[in-house]
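An overview of the molecular structure
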Amino acid sequence: MTNPNNATITTVHTAEFTAGDALKIPTLRILRDDGSLYEGAVAPELDKATAIKMYDTMVFTRVLDERMLAAQRQGRISFYMQCLGEEATTVGSAAALTEQDMIMAQYREQGALRYRGFTLEQFMNQLFSNEKDLGKGRQMPVHYGSKDIYYMTISSPLGTQIPQASGYAYAQKLRGLPNTTICYFGEGAASEGDFHAGLNMAAVHKAPVIFFCRNNGYAISTPASEQFVGDGIACRAVGYGMKALRVDGADILAVYQATKMARDHALKHNEPVLIESIAYRLGAHSSSDDPSGYRSKEEEEKWRQNDPIARFRLWLVEKGWLNEADDKATIEALRSEILDALKVAEKVAKPGIEHLISDVYAEPIPALQQQLDELKAHIRNYPEAYPVTAGRLD
Amino acid sequence: MAKMNMLQAINNALDLAMAKDDSVVCFGEDVGHFGGVFRATSKLQEKYGKARCFNTPLTEQGIAGFANGMAAQGMKPVAEIQFADYIFPAFDQIVNETAKFRYRSGNEFNVGGLVFRSPYGGGIAGGHYHSQSPEAYFAHTPGLKVVIPRDPYQAKGLLLASIACPDPVIFFEPKKLYRASTGEVPEEYYEIELGKAEVTQQGKDITVLAWGAQMEIVQKAVEMAEKDGISCEVIDLRSILPWDADTVATSVKKTGRLVINHEAPLTGGFAGEIAATIQKMCFLHLESPIERVCGMDTPYPLALEKEYVADHLKTYEAIKRSVNF
């Protein structure tokens, strides 16, 4: 552009609207439901070890979700969020990154977290808010984070990570790092002002960030049809001048390929890219939600058939990389491993009382230290009322 | 009269307001068909149609700005912010726009009739993003009214008064009490005057002041103190802005002592404002320093919530300190 408005001037002499549907965004699909490839589609280059790691990660989150939702129902943990139906979305994308690419997630990306190497014990410690939790028992269950594996700690307010990802990626660029930042969010969060601010900032400042929108059809009860009128979320990226891709989110090969391509582009050109993954949030929004109040069992059943794990399993079996019998045994073993870890984590003590005031600032300010001292004196007065901390005040 | 919990009382108030006045509309995230994540707007879409009760996109700043626009046109939007912890993207629209609409235009325009409803407060194992009590931020903003009910009866009357109010109101609802607090509520329309505190219990030795969900906490402390022979006067502030200094001062002139309890952190909390005003109005009547029992100056914790909160035991201790000063 050469004009001060930075806008292309294509002159006409009769007024005419430009409609949004002039833009057609294709959806990448590689793997069919039956595990075969679409005609003309080529599977991305994947070695057996990587493919099996991807599969194992998806299975892990599926079993973890089942087990921990049950634990929530039993009152053992206060809250839980499943990623049912979206396993390929987060695992396929995380697998396409390198280990030092930053991940800034929303809250339903346990697949990406597990792929990075978050251990079963770490999951459990966070879910039980115990003293071994990296977040020191401060956040609700599923608000994971780990500096070691480049996974930014989850924040509940929606969309806040989007402009942060732009800034983080810009800093990676200034530092000359060969890394990108991937930023996950839902189609609902894309309505927040932070989404628009974050995309525009990234585009203007040429930040190598991958905006990964998990369009799963629902923001709690609100269907995507009441969330926006445009063609999905991908079209907005075009409006901000960045490249966009749309993929079938239940097709792990397509997600992997799209993310590889986005990563290469972001780093080569120092430009943001947006990927919109189309899937379905098959579970409730959270353990506090009941979808029967806003959608039908028939609708859920239809999408249950579109299982990302089953599809990938068929491909792996077909390739001779996975054996159905071994697979069943692995899942059984995983169930008992998770239950064992749960039983250990729920017995670990809660964080010590000093962690009420640690990390508010780098060092506790004097007023806080005084408040803690007063609190300790108070607890000594009423030890039976504060059983978690009364026995270990010093 | 009917037995209602706080959610039913709020739902009933919205229903009556919408039936009475076509200009009343309810909207917010998940507010439409689903009736809100806490079901405060349950069945309203069914009854009044999608034009008057609807889901919005997930954008609090959008909701607040949209509400400002509707109210400026003369309608009465009752906009829900799903959790008070999520009100901050709307802060600019509320603090710079809602609060100053009438003032900046020389009363050419106003957003009277606008109500922001939002569940606030802790006690639900919600950690720092589902437990905050942000009333002090808004109390620092001239042009807004800030109201917090303690039970179903109060919730209905205060919400109806807020909708009828010619000024914009932020109506924080103690979500811990949504289902836990029940009581007899008149089925017909009634208002409870904004800006007026209520003396909920007469006493002579000390005044204990709180609002919202903390009212039942201080009540427990007061019962403990009374076993020690301390006679407590209890006040529910109900309106944080404007607040009823006269009712509080009248009480403190009688008792000579004041304990203020709130959930929000101590520093910059509204108790500081109350203490400063009351010490000036009642200086020669005070027998002891005004006590504040508040949240600690940290984000709201999760695992150590019990230790953090301004509970009945801390309040009871403050009452004793004040009396024994």
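In this text the structure is predicted, and so the values were computed from the model without any measurement. (Residues numbered from 1 in each chain as written. Chains lettered and ligands numbered in written order. Predicted model: local features only at pLDDT ≥ 70, side-chain atom pairs only at ≥ 80, totals over all residues.)

This paragraph deals with the overall build of chain B. The number of helices and strands found in chain B is twelve helices and 14 strands. What you see for chain B is a C-alpha radius of gyration of 19 Å, in line with the 20 Å of a compact globule of 325 residues. Scored against the burial criterion, the 325 residues of chain B give a buried share of 60%. Sequence separation of at least 24 residues holds for 79% of the intrachain contacts in chain B that already meet a minimum separation of 6. (Helix = DSSP H or I, 4+ residues; strand = E, 2+ residues; numbered from the N terminus. Rg over C-alpha atoms; globule rule 2.2 N^0.38 Å. Buried ≥ 20, exposed ≤ 12 C-beta atoms within 10 Å, placed from the backbone. Contact = placed C-beta atoms within 7 Å.)

So, on to the interface of chain A and chain B. Listed as interface residues are 40 residues of chain A and, on the opposing side, 32 residues of chain B. Ranked by residue count, the leading element in the side of chain A that touches chain B is helix α12 (residues 366–381) of chain A, at six residues. For the side of chain A that touches chain B, the class distribution of residues is 21 nonpolar, 15 polar and four charged. (Nonpolar A, V, L, I, M, F, W, Y, C, P; charged D, E, K, R; others polar.)

The next subject is the nonpolar core. In terms of nonpolar packing, the biggest core is built from 208 residues, with Cys183, Ile210 and Ile275 of chain A together with Val208 and Ile319 of chain B touching the most fellow members. Per element, the largest residue contribution to this core is nine residues, and it comes from helix α8 (residues 252–269) of chain A. In contact with Cys183 of chain A, not counting residues within four places along its chain, are Met104, Gln161, Ile162, Ala165, Val209, Ile210, Phe211 and Phe212 of chain A. (Core = buried A, V, L, I, M, F, W, Y, C linked by C-beta atoms within 7 Å.)

This paragraph deals with the pairing of strand β10 (residues 206–210) of chain B. All names here are of chain B. The element β10 is extensively covered by neighbouring structure, given that five of its five residues are classed as buried. Here β10 shows two buried faces, one formed by Ile206, Val208 and Ala210 and the other by Thr207 and Leu209. As paired elements, β10 and strand β11 (residues 232–236) share five bridges and run parallel to each other. The residue of β11 that forms the bridge with Thr207 is Glu233. (Pairing = 2+ DSSP bridges.)

Residues and elements named next belong to chain B. Ordered by their spatial adjacency, five strands build an open sheet running β9-β11-β10-β13-β14, and the pairing between neighbours is mixed. Of all strands in the sheet, those bounded by a partner on one side alone are β9 (198–201) and β14 (291–295). Pairs of neighbouring strands in the sheet enclose a mean axial angle of 25 degrees, with direction left out of account. Bridge count between strand β13 (residues 258–265) and β14: four bridges; the pairing is parallel. Looking at the pairing, Ile260 lines up with Arg292 of β14. Across the sheet, helix α10 (residues 270–281) touches β10, β13 and β14, and the angle it forms with β13 is around 155 degrees. Sheet contacts for helix α12 (residues 312–323): β10, β11, β13 and β14; angle to β14, the most-contacted strand, approximately 165 degrees. (Axes fitted to C-alpha atoms, helices over the stretch in contact; angles between N-to-C directions.)

Turning our eyes to something else, we now look at the domain arrangement of chain B. Residues and elements named next belong to chain B. Domains assigned within chain B are domain 1 (2–185) and domain 2 (198–323). A straight line from the C-alpha centre of domain 1 to that of domain 2 covers 26 Å. Across the contact, 24 residues belong to domain 1 and 21 residues belong to domain 2. Listed by contribution, the elements that provide at least two residues to the side of domain 1 that touches domain 2 are α6 (135–139), β6 (145–147), α7 (152–164) and β7 (169–174). Here the residues of the side of domain 1 that touches domain 2 are counted per class, giving eleven nonpolar, nine polar and four charged. (Domains from an automatic or database assignment.)

It is worth spelling out the packing of helix α2 (residues 87–95) of chain A against α8 of chain A at this point. Residue and element names in this part refer to chain A. Relative to each other, α2 and α8 sit at 40 degrees, their axes nearing to 8 Å. Between α2 and α8, the angle is such that the two are oblique. At the point where α2 passes α8, the crossing takes the right-handed sense. Contacts between α2 and α8 pair Ala88, Thr89, Val91, Gly92, Ser93 and Ala95 from the former with Ile252, Val255, Tyr256 and Thr259 from the latter. Of the residues in the contact of α2 with α8, the class split is six nonpolar, four polar and no charged. (Parallel < 35°, antiparallel > 145°, perpendicular 65-115°, else oblique. Left-handed = near helix turned anticlockwise from the far one by under 90°.)

What follows deals with α7 of chain B. Since there are 3.6 residues in each turn of an α-helix, residues three or four apart along the chain are aligned in direction. Residues and elements named next belong to chain B. A rise of 1.5 Å per residue sets the reference length of α7, with its 13 residues, at 18 Å; its end C-alpha atoms lie 18 Å apart and thus fit the reference within 8%. Within α7, twelve of the 13 residues are buried, which leaves the element mostly enclosed by the surrounding structure. Restricting attention to buried positions, one finds in α7 the residues Pro152, Tyr153, Gln154, Ala155, Lys156, Gly157, Leu158, Leu159, Leu160, Ala161, Ser162 and Ile163. (Expected span 1.5 Å × (residues − 1).)

Before going further, it helps to examine helix α5 (residues 161–174) of chain A. Residue and element names in this part refer to chain A. Over its 14 residues, α5 runs 20 Å from end to end, which matches the ideal 20 Å to within 8%, given 1.5 Å per residue. Here α5 has its buried residues at Gln161, Ile162, Pro163, Ala165, Ser166, Tyr168, Ala169, Tyr170, Gln172 and Lys173. On the buried face of α5, the contacting elements are β2 (102–104), β3 (181–186), α6 (193–205) and β4 (209–215). Positive backbone phi, at 75 degrees, marks Gly176, one or two positions downstream of α5.

Residue and element names in this part refer to chain A. Packing of helix α1 (residues 48–73) against helix α10 (residues 308–319) leaves a shortest axis separation of 11 Å and a crossing angle of 150 degrees. Taken together, the axes of α1 and α10 lie roughly antiparallel to each other. Like other packed secondary-structure pairs, α1 and α10 cross with a definite hand, here left-handed. Contact residues: α1 offers Ala51, Tyr55, Met58, Val59 and Arg62, while α10 offers Pro308, Ile309, Phe312, Arg313 and Leu316. Of the residues in the contact of α1 with α10, the class split is eight nonpolar, no polar and two charged.

So, on to the sheet that holds strand β2 (residues 24–28) of chain B. All names here are of chain B. Sheet architecture is open: seven strands sit in the order β3-β2-β4-β5-β7-β6-β12, paired in mixed fashion. Two strands bound the open sheet, and with one partner strand each, they are β3 (53–55) and β12 (239–241). The sheet shows a mean angle of 20 degrees between the axes of neighbouring strands, direction not considered. Bridging between β2 and strand β4 (residues 76–80) involves five bridges; their strand directions are parallel. By the bridge assignment, Val25 is partnered in β4 with Pro77. Most of the contacts of helix α3 (residues 60–73) go to β4, to which it runs at about 170 degrees, and overall it touches β2 and β4.

What follows concerns the domain arrangement of chain A. Its domain assignment divides chain A into domain 1 (21–345) and domain 2 (353–392). Using only C-alpha atoms to locate each centre, domain 1 of chain A and domain 2 of chain A end up separated by 38 Å.

Another point: the confidence of the model for chain B. Counting all residues, the mean pLDDT for chain B is 98, and 100% of those residues have values of 70 or more. In the predicted assembly, ipTM is 0.95 and pTM is 0.96. (pLDDT = per-residue confidence, 0-100.)

Inspection of the secondary structure puts Ile275 of chain A in strand β8 (residues 273–278). For the pair Ile275 of chain A and Val255 of chain A, spaced 20 residues apart in sequence, the C-alpha separation works out to 8.9 Å.

Before going further, it helps to spend a moment on unusual backbone geometry. The linkage connecting Leu241 of chain B with the following residue, Pro242 of chain B, adopts the cis geometry, with an omega of -10 degrees. Along the chain, the position of Pro242 of chain B falls in the loop between β12 and α9 (245–255). Within the chain, Asn6 of chain A stands out as a residue other than glycine whose phi angle is a positive 55 degrees. As for its placement among the helices and strands, Asn6 of chain A is situated in the segment before β1 (27–28). In this structure, Ile220 of chain A is a non-glycine residue whose phi angle is positive, near 45 degrees. Relative to the helices and strands, Ile220 of chain A resides in the loop between β5 (218–219) and β6 (222–223).

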